[in-house]
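# Fold and geometry: a report
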Amino acid sequence: MNAVEIRNLTKTYGKARGVDNISFSIKEGEIFGFIGQNGAGKSTTIRTLLALIHQNSGEALIFGKEASKHPEILEQVGYLPSEVFYYDNMKVIDLLKYSASFYKKDCTKRMMELSELLQLDLNRKIEDLSYGNRKKSWDCSGPYA
């Protein structure tokens, strides 16, 4: 079975093209690089796959299911966008607690393990962190980090 299957996917924004009739598949266990110039449609494809936006036509499947019709499939997926925005004056620990609140389990132990491993200061304001450390704080906040 394919982990990801994109079939004739098209997404437009009015007259602007997002992606136009693309197709590819990724086999389970396969390492896949999704590269291209700015505006090529990489983010649009991923956001469509995750049902964050909806396609005009075609299919975007994860393990044979569309996330828009089977949201439970997203419990097996992690997504780290290139641009993440935070509340003003938010501390790292605030982001971690906020993100953990979306899941029906206690993530405290794992958050602490990862923040120690990544040498992430939980009491610093996110806006004071380097770009790399801001990404680390986001990495620690997901359910499968």
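Before going into details, it helps to say that this report is about the structure given with it. (Residues numbered from 1 in each chain as written. Predicted model: local features only at pLDDT ≥ 70, side-chain atom pairs only at ≥ 80, totals over all residues. Heavy atoms only, no water.)

## Quick word on empty space enclosed by the protein
- Within this structure, the stated rule accounts for 1 cavity of 30 Å³ or more.
- Of the pockets and cavities examined, the largest cavity occupies roughly 50 Å³.
- A breakdown of the residues in the lining of the largest cavity according to their chemical character gives 5 nonpolar, 4 polar and 1 charged. (1 Å grid on protein atoms, 1.4 Å probe; cavity = no way out; pocket = protein on both sides within 12 Å on 5 of 7 lines; lining within 4 Å. Points joined across faces, edges and corners; volume = space filled by probe spheres on them. Nonpolar A, V, L, I, M, F, W, Y, C, P; charged D, E, K, R; others polar.)

## Observations concerning the layout of surface pockets
- By volume, the second largest pocket is sized at about 440 Å³.
- If you trace the second largest pocket, you find 17 residues lining it, with Val-4, Ile-26, Leu-49, Val-77 and Gly-78 closest to the centre.
- Of all the secondary structure elements, the ones that give two or more residues to the lining of the second largest pocket are β1 (2-13), β2 (16-27) and α1 (42-49).
- Classifying every residue of the lining of the second largest pocket gives 14 nonpolar, 2 polar and 1 charged. (Helix = DSSP H or I, 4+ residues; strand = E, 2+ residues; numbered from the N terminus.)

## Some words on unusual backbone geometry
- Even without a glycine there, the phi angle at Ala-51 is positive, about 65°.
- If you trace the backbone, Ala-51 turns up in the loop between α1 and β3 (57-62).
- Here Ala-51 falls in the partly exposed class, since its relative accessible area comes to 23%.
- You will see that Gln-119, though not glycine, has its phi angle at about 55°, which is positive. (Buried < 20%, exposed > 50% of the residue type's maximum accessible area, 1.4 Å probe, protein only.)

## Some remarks on the sheet that holds β3
- Spatially, the 3 strands line up as an open sheet ordered β2-β1-β3, and their pairing is antiparallel. This sheet does not close on itself; its edge strands, each paired only once, are β2 and β3. Direction aside, the axes of adjacent strands within the sheet are offset by 20° on average.
- Pairing between β1 and β2: 8 bridges, direction antiparallel. Paired with Lys-11 across the two strands is Val-19, which belongs to β2.
- Against the sheet, α1 makes contact with β1, β2 and β3, and its axis sits at roughly 115° relative to β1, the strand it touches most. (Pairing = 2+ DSSP bridges. Axes fitted to C-alpha atoms, helices over the stretch in contact; angles between N-to-C directions. Contact = heavy atoms within 4.5 Å.)

Interpretation in functional terms is not warranted from these geometric data alone.
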